[in-house]
Amino acid sequence: MVLWAFVAAAGRWLLRPREKSVAGQVCLITGAGSGLGRLFALEFARRRARLVLWDINAPGNEETAGLVRSIYRQAAEEALAAARKAGQGEEEVLPHYNLQVHTYTCDVSKRENVYTTAEKVRKEVGEVSVLVNNAGVVSGHHLLECPDELIERTMMVNCHAHFWTTKAFLPKMLELNHGHIVTVASSLGLFSTAGVEDYCASKFGAVGFHESLSHELKAAEKDGIKTTLVCPYLVDTGMFRGCRIRKEIEPFLPPLKPDYCVKQAMRAILTDQPMICTPRLMYMVTFMKSILPFEAVVCMYRFLGADKCMYPFIAQRKQATNNNEAKNGI
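Calculation criteria
Residues numbered from 1 in each chain as written. Predicted model: local features only at pLDDT ≥ 70, side-chain atom pairs only at ≥ 80, totals over all residues. Heavy atoms only, no water. Helix = DSSP H or I, 4+ residues; strand = E, 2+ residues; numbered from the N terminus. Contact = heavy atoms within 4.5 Å. Areas by Shrake-Rupley, 256 points an atom, 1.4 Å probe, with all protein chains shown as cover. Salt bridge = Lys/Arg side-chain N within 4 Å of Asp/Glu carboxyl O. Buried < 20%, exposed > 50% of the residue type's maximum accessible area, 1.4 Å probe, protein only. Pairing = 2+ DSSP bridges. Axes fitted to C-alpha atoms, helices over the stretch in contact; angles between N-to-C directions. Expected span 1.5 Å × (residues − 1). Arc of directions from axis to C-beta.

**Overview of the overall build of the protein chain**
Piece 1. Counting its regular elements, the protein chain contains eleven helices and seven strands.
Piece 2. Sequence separation of 24 or more characterises 73% of the internal contacts of the protein chain that already satisfy a separation of 6 or more.
Piece 3. On the protein chain, roughly 16,800 Å² of surface is accessible, and the fraction owed to carbon and sulfur atoms is 56%.

Here it is as structure tokens:
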């Protein structure tokens with residue numbers, strides 16, 4: 001799939017396919033209260049999608065909703081100004097810009113919470129056309145130092161939640177043969193590194209789920225339902241603060257700016273691209289990992305400084321934890 005994605009991405013880059021419209025469609029984003037989820041929400045809002053935002057952090061989710069409403073208002077004002085200039089009435093323009101954003105507090109690691117919230121969405125908003133499975137967590141511990149409950153939570157949020165959200169909204173998509181399912185995974189779902197076994201396993205699981213689902217939709221000849229797998233390299237959101245590769249290589253592989261990462265992903269989604277790796281060098285690294293023997297891969301990792309790149313991040317997390325425990329008198 002990686003080689004095919006590389007060829008497809010090159011073809012799409014040359015042909016520059018036209019982006020589809022998501023105006024008026026219901027788009028649900030998990031983990032919308034911060035980071036990439038918030039940026040995805042703003043990008044879909046600029047394209048006049050009707051947003052449904054899920055997050056366990058209610059204040060953060062409402063903050064995202066406020067930003068979305070600002071975009072809606074600005075778009076409506078610009079459309080009204082253009083309509084008046086063209087001699088049109090407000091009644092011809094406003095219905096197309098009378099959009100709302102809906103927020104729900106949901107812990108996607110809990111299956112019943114997902115199903116209950118999904119039912120509320122169907123009743124209060126309508127059927128979801130675009131599902132962006134973006135919510136993600138990281139424990140930041142070496143395997144033998146990581147509490148079992150944190151390992152379980154990582155797997156539940158980063159992998160299992162994709163099953164619950166998809167099962168909640170896919171039936172109507174199948175009935176209508178229309179929809180789009182986006183899996184925001186990671187380059188660590190295609191190749192791994194030391195020290196974050198639970199995170200890598202969860203992202204490998206998300207990638208496997210997405211690929212199998214894509215095959216199932218093709219086998220069922222449901223060509224109206226599109227899927228896009230998003231696998232970015234390290235994104236500068238603070239989630240992996242401290243992560244370092246070899247300093248000589250860093251200028252060629254710096255952390256991705258969140259805005260750039262989301263804009264690239266949006267282009268892939270709106271052109272129905274099956275997979276997007278950012279930067280494109282990730283395609284080559286993944287391809288080499290699939291054809292080289294394991295010891296050669298280890299040598300490549302050591303050359304890049306990727307074998308222990310998470311160790312500084314884990315050390316920072318451990319120090320922060322110890323400081324918090326000392327501050328709280330634990």
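**Here we look at the pattern of salt bridges**
Piece 1. What the rule picks out here adds up to ten salt bridges.
Piece 2. In this structure, Lys110 engages Asp107 in a salt bridge whose closest nitrogen and oxygen atoms are separated by 3.1 Å.
Piece 3. Ionic pairing is found between Arg122 and Glu119, a salt bridge with its closest N-O pair at 2.8 Å. Linking Arg122 with Glu119, this pair stays in helix α5 (residues 111-124), spanning three residues, or about one helical turn.
Piece 4. By relative accessible area, Glu119 is classed as partly exposed at 33%.
Piece 5. Each of Glu43, Arg46, Arg47 and Lys263 takes part in a single network of salt bridges with overlapping partners.

**What about the sheet that holds strand β3 (residues 101-105)?**
Piece 1. Sheet architecture is open: seven strands sit in the order β3-β2-β1-β4-β5-β6-β7, paired in parallel fashion. With partners counted over all chains shown, the strands left at the sheet margins are β3 and β7 (275-278), one partner each. Taking the axes of each pair of neighbouring strands and ignoring which way they run, one obtains an average angle of 15° across the sheet.
Piece 2. Judged from the four bridges that link them, strand β6 (residues 225-232) and β7 form a sheet pairing that is parallel. Considered in β7, the bridge of Val230 is made with Ile276.

**Section: helix α8 (residues 258-270)**
Piece 1. Between its first and last C-alpha, α8 extends 18 Å over 13 residues, near the 18 Å set by a 1.5 Å rise per residue.
Piece 2. What α8 keeps buried is the set Pro258, Cys261, Val262, Gln264, Ala265, Met266, Ala268, Ile269 and Leu270.
Piece 3. Downstream of α8 by a residue or two, Asp272 has a phi angle that is positive, lying close to 60°.

**A word on unusual backbone geometry**
Piece 1. Here Thr278 and Pro279 are connected by a cis peptide whose omega angle stands at -5°.
Piece 2. Along the chain, Pro279 falls in the loop between β7 and α9 (281-291).
Piece 3. The phi torsion at Glu221 lies on the positive side, around 60°, for a residue other than glycine.
Piece 4. When you line up the elements, Glu221 lands in the loop between α7 (197-219) and β6.
Piece 5. For Asp272, which is not glycine, the phi torsion reads 60° and is therefore positive.
Piece 6. Turning to its location among the elements, Asp272 is positioned in the loop between α8 and β7.
Piece 7. We classify Asp272 as partly exposed; its relative accessible area is 26%.

**Notes on the side chain of Thr166**
Piece 1. Following the sequence through the fold, Thr166 ends up in helix α6 (residues 148-176).
Piece 2. For Thr166, a relative accessible area of 4% puts it in the buried group.
Piece 3. Here Thr166 is in contact with Leu131, Asn133, Pro171, Ile181, Phe209 and Leu213, once residues within four sequence places are set aside.

**Structural notes on the environment of Lys20**
Piece 1. In this structure, Lys20 sits in the loop between α1 (2-15) and β1 (26-30).
Piece 2. For Lys20, a relative accessible area of 29% translates into the label partly exposed.
Piece 3. With 249 residues separating them in the primary sequence, Lys20 and Ile269 have C-alpha atoms 8.8 Å apart.
Piece 4. In this structure, Lys20 is in contact with His180, Lys226, Ile269, Leu270 and Asp272, ignoring residues within four places of it in sequence.

**What about helix α10 (residues 294-304)?**
Piece 1. Those residues of α10 not exposed but buried are Val297, Val298, Met300, Tyr301 and Leu304. In an axial view of α10, the angular spread of the buried residues amounts to 160°, which keeps them on one side of the axis. Across α10 from its buried face, at more than 90 degrees, point the exposed residues Glu295, Arg302 and Phe303.
Piece 2. Against the buried residues of α10 lie α9.
Piece 3. Positive phi appears at Gly305, one or two residues downstream of α10, with a value of about 80°.

Everything listed is a geometric property; what it means functionally is a separate question.
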